[in-house]
Every structure is written in C-alpha cells, then in structure tokens.
Amino acid sequence: VPTMGALHTGHLALVARSRDRCDKSVATIFVNPTQFAAHEDLGRYPKTIEADLHLLREQHTDLVFLPPPEEIYPSGFSTFIQPPEVALPLEGEFRPEHFRGVVTIVLKLFNILPATVAFFGQKDFQQLTVIRHMVDDLNVPIEIEGCATVREPDGLAMSSRNRYLSAAQREIALSLSVALNTVVKQTAAGSREVRQLEQTMQRVLQDAGIDRIDYARVVDRHTLESLGQLDRPAVALIAAHVGTTRLIDNVLL
Ligand code: PAF
C-alpha cells in the first residue's frame with residue numbers, strides 16, 4: 001500500500017483490504033518530491049508520522065517502509081519514466097510534471113518491494129488508470145487493485161488535504177460530491193448530453209462559491225478521452241480549488 005502518509009480512513013481501508021487478500025501487508029510512507037511542481041504544496045504537505053505509525057500498528061501492518069528522500073533520490077539521480085497517454089488530459093493539463101513523478105516513484109517502490117498486489121484508492125482515478133497502464137506497458141508482475149473512495153458521512157471524499165480546510169471551506173468543499181451526485185441523478189433520469197452534465201457540475205460548484213475550477217469533466221472511463229454522448233462506461237471527474245487547497249473527486253457513470 002503505497003502512501004504519502006497523513007493517513008486517514010481511506011488509506012486504512014486500503015491497508016485492511018491488503019490484509020484480507022495477502023499473507024503479509026506492507027505500507028510505504030514517502031512524500032515524493034518529484035510529483036510536486038515548484039509552486040505546489042510539497043513544503044506544507046501534512047506530516048503526521050507518529051500518528052501514521054500508530055494507525056498502521058493498530059491495523060497489524062507487517063512492515064512500514066519509510067525511506068529518507070536522499071535514499072530514494074541520491075545525488076546524481078536522473079532516470080524518469082515517461083507516463084502513458086492517459087496521463088495527458090485532466091491532471092496532465094494542470095499538473096504537467098505530476099504523473100512523471102508518480103509513475104517513477106511507484107515503479108521504484110515496486111522494484112524495492114516486489115509485492116504480489118498493490119492497492120490504490122479510486123479517489124485518484126486518473127492516477128490509478130495511469131499506474132495500470134504503466135504496469136501493463138512495462139510488464140510489471142504486480143496486480144493493481146483499485147479500492148472504492150471512502151467518504152465522510154456527508155459525502156466529502158477523504159483526503160489528506162482536507163485537514164487544510166477551515167469549517168467554512170469544508171462546507172464549500174462538499175459541493176464537489178454534491179456536483180458529482182447531481183450528475184449521477186441526471187444520468188439515472190436519462191440525461192446523456194455530456195456538455196449538459198459538465199455544465200451542471202460547473203454550476204453546482206460555482207453556486208457553492210468555488211471560483212477556480214480546473215476541470216469538471218465526463219470522459220471515457222478507460223481512455224479518459226472526451227465524449228459527446230454518454231454511450232459507454234464513463235467517469236465524471238472534478239478538480240477545484242477551495243481557498244488555497246486543491247481538491248479532486250470523481251464518480252463512475
Ligand atoms: O496517491 C499517493 O499518495 C501518491 O501519489 C503515491 C501513489 C503514493 C505515489 O507517491
């Protein structure tokens with residue numbers, strides 16, 4: 001179970017799933033600098049190591065891998081994986097270097113800890129898709145299991161970044177899951193025009209007071225390509241800023 005720490009119930013669901021499926025369960029905690037751009041939140045990314053280790057101990061994790069950055073990226077390190085094409089839209093447009101760092105660290109972790117199965121949350125839906133492609137393309141002998149997003153009772157997707165939110169901002173942040181749910185309801189009622197569904201999400205987010213929306217899109221679930229009509233398995237994805245915190249969420253359609 002690769003993580004960047006600041007563990008919450010969503011991570012613990014991945015750990016529990018790995019314990020159900022596997023003889024031994026290993027978690028990694030590494031805030032990977034190469035997946036953050038210079039202007040992003042690497043410096044303030046929450047570090048809660050003692051609490052994380054306590055939670056993992058409670059979950060009977062067999063091993064925690066907590067490498068120092070200079071061991072993962074010693075001076076002279078210069079090899080990177082070029083991410084697959086599914087990394088290009090959505091996050092790829094707003095965080096162009098992000099997935100290069102993600103696939104590079106994930107492959108490094110897989111080489112250091114050659115697990116049977118690796119567990120990733122569907123909250124980072126595009127990341128999960130990118131990692132599946134990387135593993136297929138490079139013949140990595142590790143099964144990738146995606147695990148359902150864990151939500152707060154009111155619908156807010158669990159995220160390490162939620163702890164940046166004030167009470168008022170948390171209310172606003174709820175609009176991401178509200179927007180996604182609205183689209184689920186509209187499609188259940190027969191709506192198939194992707195443009196309309198995307199406009200609905202934009203409106204819900206804007207009405208809640210979000211003025212910086214990176215994207216609110218409905219795309220092909222497998223290729224992440226644009227759709228005109230909802231005529232195949234799809235996914236609705238949102239990335240939006242609440243104050244200085246960037247949040248993402250998605251739902252399968
Ligand atoms: O999802 C995360 O926490 C990170 O992107 C990952 C997969 C651990 C790689 O650093």
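For the structure given in this document, a descriptive report is provided here.

Quick notes on the rules
Within each chain, residues carry numbers counting from 1 in the order of the written sequence. pLDDT decides what is reported in this predicted model: residues at 70 or higher carry local features, side-chain atom pairs at 80 or more are listed and counted, and totals for whole chains, interfaces and linings draw on all residues regardless. Where side-chain values are given, they derive from all heavy atoms of the structure, hydrogens and water being excluded. Only DSSP runs of H or I with at least four residues qualify as helices, and only runs of E with at least two residues qualify as strands; both kinds are numbered from the N terminus onward. Surface accessibility follows the Shrake-Rupley procedure with a 1.4 Å probe radius. Residue values consider only the protein chains on display as shielding. Just so you know, the count uses Lys and Arg for positive and Asp and Glu for negative, and it drops His and the chain ends. The atom standing in for a charge is NZ when the residue is Lys, CZ when it is Arg, CG when it is Asp and CD when it is Glu. Note on disulfides: each one is a pair of cysteine sulfur atoms within 2.5 Å. In plain words, nonpolar cores are sets of buried Ala, Val, Leu, Ile, Met, Phe, Trp, Tyr and Cys residues tied together by side-chain atoms within 4.5 Å. Only protein chains enter the accessibility calculation, which uses a 1.4 Å probe; a residue is then buried when its area is under 20% of its type maximum, exposed when over 50%, and partly exposed in between. Residues are labelled near a given molecule or strand when at least one of their non-hydrogen atoms is within 4 Å of it. For this analysis, a polar contact is any N or O atom pair within 3.5 Å, provided that within protein one partner can donate a hydrogen and the other can accept it, and provided that sequence-adjacent residues contribute only side-chain to side-chain pairs. Basically, the charged four are Asp, Glu, Lys and Arg, the nonpolar ten are Ala, Val, Leu, Ile, Met, Phe, Trp, Tyr, Cys and Pro, and anything else, Gly included, counts as polar. Contacts between residues were defined by any pair of non-hydrogen atoms, one from each residue, lying within 4.5 Å. Pairing between strands is defined by DSSP: at least two bridges between the two strands are required. The definition of a right-handed crossover adopted here requires that, viewed with the strands pointing away, the path from the first strand over the helix to the second runs clockwise.

### Quick word on the overall build of the chain
Then step 1. When helices and strands are tallied, the chain shows eight helices and eight strands.
Then step 2. Its C-alpha atoms give the chain principal-axis dimensions of roughly 50 × 40 × 40 Å.
Then step 3. In the form shown here, the chain has an accessible surface area of approximately 12,500 Å², with 51% of it arising from carbon and sulfur atoms.
Then step 4. One finds the centroid of the 25 positive side-chain charges in the chain at a distance of 2 Å from the centroid of its 31 negative side-chain charges.

### Things to note about the state of the cysteines
Here, disulfide denotes a covalent bond that connects the sulfur atoms of two cysteines.
Then step 1. Evaluated as defined, the whole model comprises zero disulfides.
Then step 2. Cys 147 provides the cysteine sulfur closest to Cys 22, a residue in no disulfide bond, and the two sulfurs are 10 Å apart.

### A short note on the nonpolar core
Burial of nonpolar side chains together is a common tendency in soluble globular proteins.
Then step 1. Counting 32 residues, the largest nonpolar core has Val 106, Phe 110, Phe 120 and Ile 144 as the members making the most contacts within it.
Then step 2. Mapped by element, the contributors of at least two residues to this core are α5 (98-112), β4 (117-121), α6 (125-137), β6 (212-220) and β7 (234-242).
Then step 3. If you look at the next biggest cluster of nonpolar residues, it comprises 25 residues, including Ala 179, Leu 197, Met 201 and Ile 238.

### Section: the site of the ligand
Then step 1. As a structural note, the neighbourhood of the ligand is formed by Pro 2, Thr 3, Met 4, Asn 32, Gln 35, Ile 105, Phe 120 and Gln 127.
Then step 2. With respect to the ligand, the side chain of Gln 35 contributes an N or O atom lying 2.7 Å from an oxygen atom.
Then step 3. For the ligand, an oxygen atom lies 2.7 Å from a polar atom in the side chain of Gln 127.
Then step 4. Looking at the shell around the ligand residue by residue, the class counts come to four nonpolar, four polar and no charged.

### Looking at the side chain of Thr 61
Then step 1. Counting through the fold element by element, Thr 61 comes out in the loop between α2 (49-58) and β3 (63-65).
Then step 2. Relative accessible area serves as the criterion here: at 14%, Thr 61 is assigned to the buried category.
Then step 3. In terms of polar contacts, Thr 61 uses its side chain to reach the backbone carbonyl oxygen of Leu 56, at 3.0 Å.
Then step 4. Sequence-distant contacts of Thr 61, that is, excluding residues within four places in its chain, are made with Val 15, Arg 19, Ser 25, Val 26, Ala 27 and Leu 56.

### Remarks on the pairing of strand β5 (residues 143-147)
Then step 1. For β5, a buried count of four out of five residues is recorded, marking the element as mostly surrounded by other parts of the structure.
Then step 2. As judged from the five bridges shared by β4 and β5, these two strands associate in the parallel manner. Within β5, the residue paired with Val 117 across the bridge is Glu 143.
Then step 3. Crossover β4 to β5 through α6 is right-handed.

### Section: the sheet that holds strand β1 (residues 2-3)
Then step 1. Spatial ordering of the open sheet is given by β1-β2-β3, a layout of three strands whose pairing is parallel. Single-partner strands in this sheet number two, and they are β1 and β3.
Then step 2. Bridge count for strand β2 (residues 26-29) against β3 is three bridges, and the pairing is parallel. Residue pairing in the sheet places Ala 27 in a bridge with Val 64 of β3.

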